[in-house]
Amino acid sequence: MTRRVLSAAAVLLVALFLLSGTGHAGGVQPDEILSDPALEARAREIGRELRCLVCQNQSIDESNAELARDMRILVRARLQEGDTDREVLDYVVSRYGDFVRLRPPFQTSTYLLWCGPALILMAGTIAVVVFVRNRARTRDDAARPLTDAERARLAALLRDQPR
Amino acid sequence: MTDLPAATAASSRPDGRASPGLRARLPFLIPLVVLAVVAAYFYVGLGRDPHVVPSVLINQPVPELALAPILGRDRGLTTADLKGEVSLLNVFGSWCVACRVEHPLLMAVAGQDLVPIHGVNWREPTPQAGPAWLARLGDPYTLVGADPDSRAAIALGVSGAPETFVIDRAGVIRYKHTGPITADDWERTLWPIIQKLRAE
């Protein structure tokens, strides 16, 4: 019985946690929301792509900074004037540079950024393969019986050992 | 082992094989080299202020601005006002502590008539706040425009106040300073740039 209550409580907690999600921490205010749901959905999409310049690890969609609010309003105004999503994004990027995009574009200056994880994974794989192979060879080496010369050396050494 | 002749110990191991040379030890240096590279990156990164975002507007004309005047003035600020002579465009607000820090320097520059300073009065909570701040502390600005909804700030790629742009005769942005201008910034950076642009 208690167990069932506990698991129900856990499910409820998880559900609450998931529901709270983003948007809970400030972000889009009721007075900013456009009456046209399609336009508003596009504005949200764009807002999630743009970095808030004040609190740099949030998108303008989730930030409660004043500059982020003004940027959201600007995005909505531009959409209402008939700009495409691309045009709105391009405008903001033309003002702040690629830094303002939360997903950096794939270009010469960002090759390393995008390929870095794959390169590191590859280097790691190579290192593991080399290591394992070397170890196998050492093990073979160790399993080889001693030659007569080695046996003689070993005997001499043991004889010389101080008691 | 202790009774082995020194020469033998250095050149070979008791098993008769050669001791590992520099070549064999090289792989052990790799982690050290990687660490050094990463450490160098982090060291440089530590000294950088992530809020100073390099402006993409350098060498681009001042964006289209048409700012209304602030209370008590009858002229605002437009892009056309920024052509004809080298000038500074300073983004400020009465709410901004760093602007207050910078303010005496702007007053000194204006007092000596070194270069015209134009202001973008950014995001004041009330229309009175900016003018009251200038009335209390002094007004170094030749022209001031109000930017209550950040339209101009965003067009200028501003992320915080104060920010100061150096604008050449043709109305092109040539330099951007983020944060308050210190006496040192003025002498070492901004004033030399202004003089260089005047000589162009």
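No experiment lies behind these values; they were computed from the predicted model shown.

Colleague: What's the story with the overall build of chain B in this structure? I'm lost.
Modeller: A count of helical and extended segments in chain B gives 6 helices and 7 strands. Counted from the first residue to the last, chain B has its helices and strands arranged as α-α-β-β-β-α-β-α-β-α-β-β-α. Over its C-alpha atoms chain B spans a radius of gyration of 29 Å, topping by over 25% the 16 Å that the globule rule assigns to 200 residues. Projected onto its principal axes, the C-alpha coordinates of chain B cover approximately 100 × 40 × 30 Å. Look at the contacts in chain B between residues 6 or more apart in sequence, and 73% of them connect residues 24 or more apart. A total of about 11200 Å² of accessible surface is found on chain B, and carbon and sulfur atoms cover 62% of it. Here chain B carries 18 positive and 19 negative side-chain charges, and the mean point of each set is 8 Å from the other.

Colleague: Just to check I follow, could you spell out the domain arrangement of chain B for this structure?
Modeller: Accessible area lost when the parts come together is the quantity often used to give the size of an interface. The assigned domain composition of chain B is domain 1 (6-46) and domain 2 (66-199). Computed from C-alpha atoms alone, the centre-to-centre distance between domain 1 of chain B and domain 2 of chain B is 58 Å.

Colleague: Explain the packing of helix H3 (residues 97-111) of chain B against helix H4 (residues 129-137) of chain B here, please?
Modeller: In helix packing, the relevant descriptors are the interaxial angle and the interaxial distance, both defined with respect to the helix axes. Residues and elements named next belong to chain B. Where H3 meets H4, the closest approach of the two axes is 12 Å, and the angle between their N-to-C directions is 55°. As summarised for this structure, H3 and H4 are arranged oblique, according to the angle between their axes. Here H3 runs over H4; the crossing is right-handed. Between H3 and H4, the contacting residues are Cys 99, Arg 100, His 103 and Met 107 on the first element and Trp 133, Arg 136 and Leu 137 on the second. Residue classes in the contact of H3 with H4 are distributed as 4 nonpolar, 1 polar and 2 charged.

Colleague: Got a minute to help me understand the packing of aromatic side chains in this structure?
Modeller: How two aromatic rings sit relative to each other is set out by the distance from centre to centre and by the angle between their planes. Counted under the stated rule, the structure contains 5 aromatic pairs over all chains. A centroid spacing of 4.5 Å and a plane angle of 15° characterise the contact between Phe92(B) and Tyr141(B), whose relative ring orientation is stacked. Of this pair, Phe92(B) sits in strand S3 (residues 87-92) while Tyr141(B) sits in the loop between H4 and strand S5 (144-147); the two residues are 49 residues apart in sequence, bridging distant segments of the chain. Note on accessibility: Phe92(B) and Tyr141(B) belong to one class, buried. A ring pair is formed by Trp186(B) and Trp191(B), whose centres lie 5.7 Å apart and whose planes are at 20°; its orientation type is stacked. Members of the aromatic cluster, joined through ring pairs, are Phe92(B), Trp133(B) and Tyr141(B). A cation sits over an aromatic face here: Arg51(A) above Phe99(A), 4.4 Å from the ring centre.

Colleague: Mind showing me how you'd approach the interface of chain B and chain A here?
Modeller: At the junction of the two partners, chain B supplies 24 residues and chain A supplies 21 residues. For the pairing of chain B and chain A, the buried interface totals around 1900 Å² over both sides, and the portion due to carbon and sulfur atoms is 53%. Across the salt bridge formed by Arg123(B) and Glu66(A), the nearest N and O atoms sit 3.8 Å from each other. The tally of links from chain B across to chain A stands at 5 residue pairs in polar contact (both at pLDDT 80 or more). Per-element accounting of the side of chain B that touches chain A gives the leading share, 4 residues, to helix H5 (residues 151-155) of chain B.

Colleague: What's the story with the layout of surface pockets in this structure? I'm lost.
Modeller: Its volume calculated, the largest pocket comes out at about 920 Å³. For the lining of the largest pocket, the secondary structure elements donating two or more residues are helix H5 (111-143) of chain A together with helix H2 (22-46) of chain B. With 4 residues, H2(B) is the single largest residue contributor to the lining of the largest pocket. Taken together, the residues that form the lining of the largest pocket break down as 15 nonpolar, 6 polar and 5 charged.

Colleague: Would you mind going over the pairing of S5(B) with me for this structure?
Modeller: Every other side chain in a regular strand lies on the same face of the sheet, so the side chains alternate between the two faces. Residue and element names in this part refer to chain B. Examined bridge by bridge, strand S4 (residues 117-122) and S5 share 4 bridges and lie parallel to one another. Note on S5: the bridge partner recorded for Trp 122 is Asp 147. At this point the chain moves from S4, through H4, to the parallel S5, and the crossover so formed is right-handed.

Colleague: How do you make sense of the domain arrangement of chain A when you look at a structure like this?
Modeller: Along its sequence, chain A is organised into domain 1 (2-105) and domain 2 (110-160). Put simply, the middle of domain 1 of chain A and the middle of domain 2 of chain A, counted by C-alpha atoms, are 53 Å apart.

Definitions and limits used
- Residues numbered from 1 in each chain as written.
- Chains lettered and ligands numbered in written order.
- Predicted model: local features only at pLDDT ≥ 70, side-chain atom pairs only at ≥ 80, totals over all residues.
- Heavy atoms only, no water.
- Helix = DSSP H or I, 4+ residues; strand = E, 2+ residues; numbered from the N terminus.
- Rg over C-alpha atoms; globule rule 2.2 N^0.38 Å.
- Contact = heavy atoms within 4.5 Å.
- Areas by Shrake-Rupley, 256 points an atom, 1.4 Å probe, with all protein chains shown as cover.
- Lys, Arg positive; Asp, Glu negative; His and termini not counted.
- Charge placed at Lys NZ, Arg CZ, Asp CG, Glu CD.
- Domains from an automatic or database assignment.
- Axes fitted to C-alpha atoms, helices over the stretch in contact; angles between N-to-C directions.
- Parallel < 35°, antiparallel > 145°, perpendicular 65-115°, else oblique.
- Left-handed = near helix turned anticlockwise from the far one by under 90°.
- Nonpolar A, V, L, I, M, F, W, Y, C, P; charged D, E, K, R; others polar.
- Phe/Tyr/Trp six-rings, centres within 6.5 Å; stacked < 30°, edge-to-face > 60°.
- Buried < 20%, exposed > 50% of the residue type's maximum accessible area, 1.4 Å probe, protein only.
- Lys NZ or Arg CZ within 6 Å of the ring centre and 35° of its normal.
- Buried area = accessible area lost by both parts, 1.4 Å probe.
- Salt bridge = Lys/Arg side-chain N within 4 Å of Asp/Glu carboxyl O.
- Polar contact = N/O pair within 3.5 Å; in protein donor to acceptor, adjacent residues only side chain to side chain.
- 1 Å grid on protein atoms, 1.4 Å probe; cavity = no way out; pocket = protein on both sides within 12 Å on 5 of 7 lines; lining within 4 Å.
- Points joined across faces, edges and corners; volume = space filled by probe spheres on them.
- Pairing = 2+ DSSP bridges.
- Right-handed = clockwise from strand over helix to strand, strands pointing away.

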